[in-house]
Amino acid sequence: MPARKGIGKLAMVFACGSALFSDGYQNGVVGEINTILARLYPDSYTQNSYSVLFNSMGFAGTVVGMLVFGYLADRIGRKFGMIAATLIVAVFTLLAASAYGAGGSTTGMLQALIAYRFLTGIGIGAEYPAGSVACSESTEDPGITKGRQHLLFALATNSMIDWGFVIAAFVPWLLLYVCGESDRALHYVWRAAFGVGVVPPVLVLFWRFKMAEPLRFQKESMKNTTTPYWLIFKRYWRSFLGLSLAWFIYDFIAYPFGIYSSTIVYTIIGKTTDLKTTFGWNIVINLFYIPGTVGGAFIVDRVGPRRLMISMLLTQAVVGFIMSGLYTQLSSHIAAFAVVYGLFLTFGEAGPGNCLGLLASKSWPTAIRGQAYGLAAAIGKIGAFCGTWAFPAIIKAFPKGKKDSGPFWVGSGLAVLSAIIVYFLLDEIPEDHMTNEDQAFREYLEANKYDTSLMGLRPDQINGGKELESQSEDEKASQDVKA
């Protein structure tokens with residue numbers, strides 16, 4: 001029986017975090033679909049800024065989802081946020097796959113796609129403060145092996161996002177081989193690529209309906225009382241500032257560099273019209289994310305997320321500076337360039353890719369974790385939006401012959417800045433940190449005359465009280481083991 005219970009706890013961690021696969025898939029497949037739509041509708045799609053809006057509305061929706069569901073995840077519950085996020089992503093991805101303009105209008109169809117992209121973004125954004133937060137809280141449940149708490153969180157969240165990017169590159173490539181590259185075939189390809197994105201959230205949805213609220217949320221929620229925001233700000237402003245700045249800088253670097261994958265592909269294959277070749281090289285480039293996120297996950301408990309993030313940021317900066325200085329030579333040997341660029345991506349995923357979400361989800365008390373995480377993540381996505389607009393200006397500002405190396409100089413410098421911010425503003429997160437921080441937070445509130453007796457969910461709010469009872473038994477068993 002104990003082994004079975006442990007398997008249940010492990011399943012809970014992945015049920016909470018694995019839906020972030022949809023984040024990676026949706027954001028990844030948009031690049032390929034953009035390419036196809038630009039080929040099918042070269043005039044209406046590119047000249048009317050629909051291509052730009054298609055990307056921008058996804059960012060805007062994600063920010064809205066993070067902010068709104070960060071609040072709802074704390075005030076209503078993690079389970080509500082996760083189910084709502086999954087339903088939103090599934091419904092509007094399906095609508096995007098079947099988008100249609102009135103009377104067969106191309107303009108109407110493209111406008112509908114942009115609207116669905118915004119609404120899908122809300123669901124993706126909701127996953128961060130609901131799914132990621134619930135995942136982190138589940139990693140400290142009794143039954144989870146000590147020394148693997150951070151490992152499980154990284155594998156269930158950021159690794160899922162990265163696998164989403166890989167599959168998002170693979171699916172359109174496979175569909176092109178099945179359907180061909182005629183204009184008629186491409187209509188089927190982009191719709192089917194969107195349609196495949198419905199499957200992962202639907203599979204996770206049934207799992208989530210059977211879940212209860214994380215045990216930590218049951219004990220520490222402020223659902224039934226007021227939230228003392230001023231007291232919270234005074235205690236946590238430093239860590240919030242550090243994580244928000246680091247997340248802004250990382251997304252400012254990471255998302256625009258994703259765009260540069262197409263530049264590498266263009267350099268490798270030259271002026272080709274073969275979409276299969278283009279998409280095939282995108283698969284190769286996206287695969288560089290995997291060794292970084294998986295390798296980083298297996299050492300994060302031993303090294304610590306703060307130390308690992310700082311070391312990987314500095315290593316990434318060194319690789320970036322090498323690429324910047326040797327850009328001309330590397331560009332003439334594309335295989336070497338792709339490998340060095342891949343290492344740049346790998347170190348980014350092993351460090352900030354894995355550790356930002358981990359630090360954000362475990363630095364703050366359970367009572368306001370959803371709101372704080374959602375706001376910090378939203379600031380990060382605003383950084384991504386700013387970066388996609390700023391990098392073309394950065395390239396233009398560099399002297400002739402060095403323009404393409406400009407982003408690597410700037411990105412490497414920002415990686416060093418981010419490492420400095422993390423060093424001075426963030427503390428290390430050891431195992432069982434949330435358990436200890438929740439206790440310290442209660443003591444802090446009580447010292448400031450706040451009534452903590454109303455914290456936690458009432459028995460009638462948790463499956464008739466059964467879950468609290470099982471929590472009590474689990475905690476007693478855990479305490480017996482420690483004794």
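Calculation notes
Residues numbered from 1 in each chain as written. Predicted model: local features only at pLDDT ≥ 70, side-chain atom pairs only at ≥ 80, totals over all residues. Heavy atoms only, no water. Helix = DSSP H or I, 4+ residues; strand = E, 2+ residues; numbered from the N terminus. Contact = heavy atoms within 4.5 Å. Areas by Shrake-Rupley, 256 points an atom, 1.4 Å probe, with all protein chains shown as cover. Core = buried A, V, L, I, M, F, W, Y, C linked by side-chain atoms within 4.5 Å. Buried < 20%, exposed > 50% of the residue type's maximum accessible area, 1.4 Å probe, protein only. Disulfide = S-S within 2.5 Å. Axes fitted to C-alpha atoms, helices over the stretch in contact; angles between N-to-C directions. Parallel < 35°, antiparallel > 145°, perpendicular 65-115°, else oblique. Left-handed = near helix turned anticlockwise from the far one by under 90°. Nonpolar A, V, L, I, M, F, W, Y, C, P; charged D, E, K, R; others polar. Patch = residues over 30% accessible without salt bridge, like charges linked within 9 Å, V, L, I, M, F, W, Y side chains within 5 Å. Salt bridge = Lys/Arg side-chain N within 4 Å of Asp/Glu carboxyl O. Phe/Tyr/Trp six-rings, centres within 6.5 Å; stacked < 30°, edge-to-face > 60°. Lys NZ or Arg CZ within 6 Å of the ring centre and 35° of its normal. Expected span 1.5 Å × (residues − 1).

A. Spatial organisation of the overall build of the protein. Helix and strand content of the protein: 21 helices and 0 strands. Excluding contacts between residues fewer than 6 apart, the proportion of contacts in the protein whose partners are at least 24 apart in sequence is 86%. For the protein, the accessible surface area stands at approximately 20100 Å², while carbon and sulfur atoms represent 66% of it.

B. A look at the nonpolar core. Membership of the largest hydrophobic core comes to 61 residues, with the highest contact counts inside it found for Tyr128, Met309, Trp364, Phe441 and Leu445. In terms of residue count, helix 12 (residues 229-269) provides more of this core than any other element does, 7 residues in total. Leaving out residues up to four positions away in the same chain, Met309 has contacts with Ala246, Gly351, Pro352, Cys355, Leu356, Leu359, Ser418 and Val422. In terms of nonpolar packing, the next biggest core, distinct from the first, is built from 30 residues, Phe21, Val29, Leu175 and Phe194 among them.

C. Focus on the state of the cysteines. Within the structure shown, the criterion is met by 0 disulfides. For Cys16, which is in no disulfide, the shortest distance to another cysteine sulfur is to Cys135 and amounts to 6.2 Å. According to the relative accessible area criterion, Cys135 is buried, its value standing at 0%.

D. View of the packing of helix 5 (residues 78-97) against helix 10 (residues 199-209). Relative to each other, helix 5 and helix 10 sit at 155°, their axes nearing to 9 Å. What the angle tells us is that helix 5 and helix 10 run roughly antiparallel. As for how helix 5 packs across helix 10, the hand of that crossing is left-handed. Judged by residue contacts, Lys79, Met82, Ile83, Thr86, Leu87, Val89 and Ala90 of helix 5 engage Pro201, Val202, Leu205, Arg208 and Phe209 from helix 10. For the contact of helix 5 with helix 10, a count of residues per class yields 9 nonpolar, 1 polar and 2 charged.

E. Inspection of the packing of helix 13 (residues 275-287) against helix 14 (residues 289-303) at higher detail. Contact geometry for helix 13 and helix 14: axes closest at 4 Å, N-to-C directions at 20°. Considered as vectors, helix 13 and helix 14 are oriented roughly parallel to each other. Residue-level contacts link Ile285, Asn286 and Leu287 of helix 13 to Tyr289, Ile290 and Pro291 of helix 14. Looking at the contact of helix 13 with helix 14 residue by residue, the classes come out as 5 nonpolar, 1 polar and no charged.

F. Focus on a nonpolar patch on the surface. On the surface, Trp230, Phe233, Trp237, Leu241 and Leu245 cluster together into a nonpolar patch covering about 540 Å² of accessible area. Mapped onto the fold, Leu241 is located in helix 12. Using a relative accessible area of 36% as the deciding quantity, one classes Leu241 as partly exposed.

G. Structural detail: the packing of aromatic side chains. A full pass over the atoms with the stated rule returns 14 aromatic pairs. For the ring pair Phe69 and Phe80, a centre distance of 6.5 Å and an interplane angle of 25° mean the geometry is stacked. With a gap of 11 residues between them, Phe69 in helix 4 (residues 50-75) and Phe80 in helix 5 connect regions that are remote in the sequence. Relative to Tyr373, the ring of Trp247 has its centre 5.6 Å away and its plane inclined at 90°; by these criteria the two rings are edge-to-face. A residue pair is termed long-range when its members are at least 10 positions apart, and Trp247 in helix 12 and Tyr373 in helix 18 (residues 369-397) qualify at 126 residues. Against the face of Tyr177 rests Lys276, its NZ or CZ located 5.3 Å from the ring centre.

H. Quick look at the environment of Ile462. Here Ile462 lies in the loop between helix 20 (433-447) and helix 21 (466-482). In this structure Ile462 comes out as buried when scored by relative accessible area, which is 2%. Sequence separation between Ile462 and Gln218 is 244 residues; the distance between their C-alpha atoms is 7.7 Å.

I. The arrangement of helix 20 in detail. Between its first and last C-alpha atoms helix 20 spans 21 Å; for 15 residues at 1.5 Å apiece the expected length is 21 Å, and the two agree. Positive backbone phi, at 65°, marks Lys449, one or two positions downstream of helix 20.

J. View of helix 19 (residues 406-425). In a regular helix each residue adds 1.5 Å, so 20 residues correspond to 28 Å; helix 19 covers 29 Å between its end C-alpha atoms and thus fits that length. When we look at burial in helix 19, the residues that qualify are Gly406, Pro407, Phe408, Gly411, Ser412, Leu414, Ala415, Ser418, Ala419, Ile421, Val422 and Leu425.

K. A look at the pattern of salt bridges. Under the defined criterion, the tally for this structure stands at 15 salt bridges. Between Glu137 and Arg369 there is a salt bridge; the shortest N-O distance is 2.8 Å. Of the two residues, Glu137 is situated in helix 6 (residues 106-138) and Arg369 in helix 18; the sequence distance between them amounts to 232 residues. For Glu137, a relative accessible area of 0% corresponds to the buried category. One salt bridge in this structure joins Asp438 and Arg216, with 3.7 Å as the shortest N-O distance. Separated by 222 residues along the polypeptide, Asp438 in helix 20 and Arg216 in helix 11 (residues 215-220) bring together distant segments of the chain. Salt bridges here are not isolated pairs; linked through shared partners, they connect Asp74, Arg78, Glu137 and Arg369.

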